[in-house]
Structures are given as structure tokens and as C-alpha cells.
Amino acid sequence: MFGLSELAVILIVVIAVLAAKKLPELARSAGKSARILKAEARAAKDDEKEAGSEAGSVPRVIQGETVTPGTGKPAAEPERPDEGRSAQPRYS
């Protein structure tokens, strides 16, 4: 009867005939998706390169927290002895 290759050709022809109006739109969206995927992959590679070059640099201070390169975790905060006390001494 029919082999697998003949059925595949018939299926492709039927899909092309029935979906002829949508094929250009589908091809356009597939192209856009491929470009977006390529751009995201390139951006991820650039971020990875940038992170690798910062590994040997001095730790950055962000809003009072020191982040050590490579770990991404803040260093332990120093204890503040004057925390909770007013700046002016109280006299009784």
C-alpha cells in the first residue's frame, strides 16, 4: 500500500493546502523566535564572560553590604555597638 515516506509527503501537501494562509505568518514568527533566542544566548554568553573577568577584582560595596566576587553572598555584617542608642548622652 503506502510507505512511510509517501504518507509523509501526502501529509505535508495536505497541511500546505489547508494552512496556506497561515504559513507566511508562521514562518515570520519562527524567524523572530530564532532571532530572539540567538540574542538571548549571546547576552548570556556576554554576561558569563563579564562575570568571569570580575572574579579577580576587588569586592563591591552595595548599600553597606560587601559582596565577595564569585560567591554572590554578602559578607557578615559587623556588629554595631551604638545600635539602638541615641546619639546624645542622657543625663538624669
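None of the values given here were measured: they were computed from a predicted structure.

Rules used in this analysis
- Residues numbered from 1 in each chain as written.
- Predicted model: local features only at pLDDT ≥ 70, side-chain atom pairs only at ≥ 80, totals over all residues.
- Heavy atoms only, no water.
- Helix = DSSP H or I, 4+ residues; strand = E, 2+ residues; numbered from the N terminus.
- Buried < 20%, exposed > 50% of the residue type's maximum accessible area, 1.4 Å probe, protein only.
- Areas by Shrake-Rupley, 256 points an atom, 1.4 Å probe, with all protein chains shown as cover.
- Patch = residues over 30% accessible without salt bridge, like charges linked within 9 Å, V, L, I, M, F, W, Y side chains within 5 Å.
- Salt bridge = Lys/Arg side-chain N within 4 Å of Asp/Glu carboxyl O.
- pLDDT = per-residue confidence, 0-100.

Here's the deal with the overall build of the protein
Piece 1. If you tally the helices and strands in the protein, you get two helices and two strands.
Piece 2. Along the protein, helices and strands appear, N-terminal first, in the series α-α-β-β.
Piece 3. For the protein, buried positions account for 0% of its 92 residues.
Piece 4. Carbon and sulfur atoms make up 60% of the accessible area of the protein, which amounts to about 8900 Å² in all.

A few points about a nonpolar patch on the surface
Piece 1. Together, F2, L7, V9, I10, V13, V14, V17 and L18 make up an exposed nonpolar region whose accessible area comes to about 790 Å².
Piece 2. Mapped onto the fold, V9 is located in helix α1 (residues 4-18).

Things to note about the confidence of the model for the protein
Piece 1. When pLDDT is averaged along the protein, the result is 76, and 54% of the positions lie at 70 or above.
Piece 2. Confidence scores differ between elements of the protein, with strand β1 (residues 60-62) showing the lowest mean pLDDT of 59 and α1 the highest of 90.

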